[in-house]
Amino acid sequence: MTSRSITRAAGSALAVGGLALASLAAAQGPGSGGRCPMARADCPRAPLAEGQTDAIAEALQDEYQGEAIYARVLADHGEIRPFSNVVHAEQRHASLLEGLLTSRELPVPANAWTDADVPTYESRQAACAAAIEFEVANVALYDRLLESESLPDDVRQAFAHNRMASLDHHKPAFERCAAGGGAGRGARAGRGQGRGCG
């Protein structure tokens, strides 16, 4: 066999191998190692076991409540940080949880909260002190929901993401606020006070 024939044969073998790997990856589904990344809408979703739909709904209502609390603060006190940033993060968290249901063609429960259903606060610092308590309770909620060992990957990822944002971003921002820091108005005013809150 000539060197040119050998080269052609090797190229054909590589092509066949590549097709085989591609077929295997397609059979496993999108994502590394056959696992389905949370953000991929085209991934097949594992069906929810008994109680898991209720867990998502519970987390969703908690995010709706947070959004209502922070929206009420903004209505009462204007576009002040960190509320002007965190309220949008709460909306993203709720949207993430809603996607767990819609991707399985399950109904999304109605938002049970409006800014008329939540307390009012006399000052920005009082609102921030109350927000710290809310974020602590939010983390505890996700800790409890994450104790289930049978959660589908995308559900576990969504719960863990929302928990991380509350613990690592929202709570510290409100702690700075309650201590008298991070004053300002608008989502673009200043750096490091609840921006990029997940």
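Data block above holds the structure.
A few points on the structure. (Residues numbered from 1 in each chain as written. Predicted model: local features only at pLDDT ≥ 70, side-chain atom pairs only at ≥ 80, totals over all residues. Heavy atoms only, no water.)

### Focus: helix H3 (residues 83-102)
Then step 1. Compared with an ideal rise of 1.5 Å per residue, which puts 20 residues at 28 Å, H3 spans 28 Å between its outermost C-alpha atoms and is within 8% of the ideal.
Then step 2. Taken residue by residue, H3 has Phe83, Ser84, Asn85, Val86, Val87, Ala89, Glu90, His93, Ala94, Leu97, Leu100 and Leu101 as its buried positions.
Then step 3. Each element contacted by the buried residues of H3 is listed here: helix H2 (52-77), helix H4 (124-145) and helix H5 (153-178). (Helix = DSSP H or I, 4+ residues; strand = E, 2+ residues; numbered from the N terminus. Expected span 1.5 Å × (residues − 1). Buried < 20%, exposed > 50% of the residue type's maximum accessible area, 1.4 Å probe, protein only. Contact = heavy atoms within 4.5 Å.)

### Some words on the packing of H2 against H4
Then step 1. Relative orientation of the contacting elements H2 and H4 amounts to 170 degrees, with a least axis distance of 11 Å. Looking at the two axes, H2 sits roughly antiparallel to H4. Within the contact between the two elements, H2 uses Ala55, Glu58, Ala59, Asp62, Glu63, Gln65, Gly66, Ile69, Tyr70, Val73 and His77 and H4 uses Arg124, Ala127, Ala131, Phe134, Glu135, Asn138, Leu141, Tyr142, Arg144 and Leu145.
Then step 2. Among the residues making up the contact of H2 with H4, the classes are represented as 11 nonpolar, four polar and six charged. (Axes fitted to C-alpha atoms, helices over the stretch in contact; angles between N-to-C directions. Parallel < 35°, antiparallel > 145°, perpendicular 65-115°, else oblique. Nonpolar A, V, L, I, M, F, W, Y, C, P; charged D, E, K, R; others polar.)

### Some words on the pattern of salt bridges
Then step 1. One pass over the structure, following the stated rule, counts six salt bridges.
Then step 2. Notably, a salt bridge pairs glutamate 58 with arginine 144, separated by 2.4 Å at the nearest N-O pair. Taken together, the residues glutamate 58 in helix H2 and arginine 144 in helix H4 connect sequence positions 86 residues apart.
Then step 3. Using a relative accessible area of 34% as the deciding quantity, one classes glutamate 58 as partly exposed.
Then step 4. Residue arginine 144 is classed as partly exposed on the basis of its relative accessible area of 44%.
Then step 5. In this structure, aspartate 143 and arginine 163 form a salt bridge, with 2.4 Å as the shortest nitrogen-oxygen distance. Taken together, the residues aspartate 143 in helix H4 and arginine 163 in helix H5 connect sequence positions 20 residues apart. (Salt bridge = Lys/Arg side-chain N within 4 Å of Asp/Glu carboxyl O.)

### What to know about the state of the cysteines
Then step 1. What the rule picks out here adds up to one disulfide.
Then step 2. Bridging cysteine 128 to cysteine 177, the disulfide has an S-S length of 1.7 Å. Measuring handedness by torsion sign, the sulfur bridge of cysteine 128 and cysteine 177 sits at about 80 degrees and is right-handed. Linking cysteine 128 in helix H4 with cysteine 177 in helix H5, this pair joins segments that are 49 residues apart in sequence. (Disulfide = S-S within 2.5 Å.)

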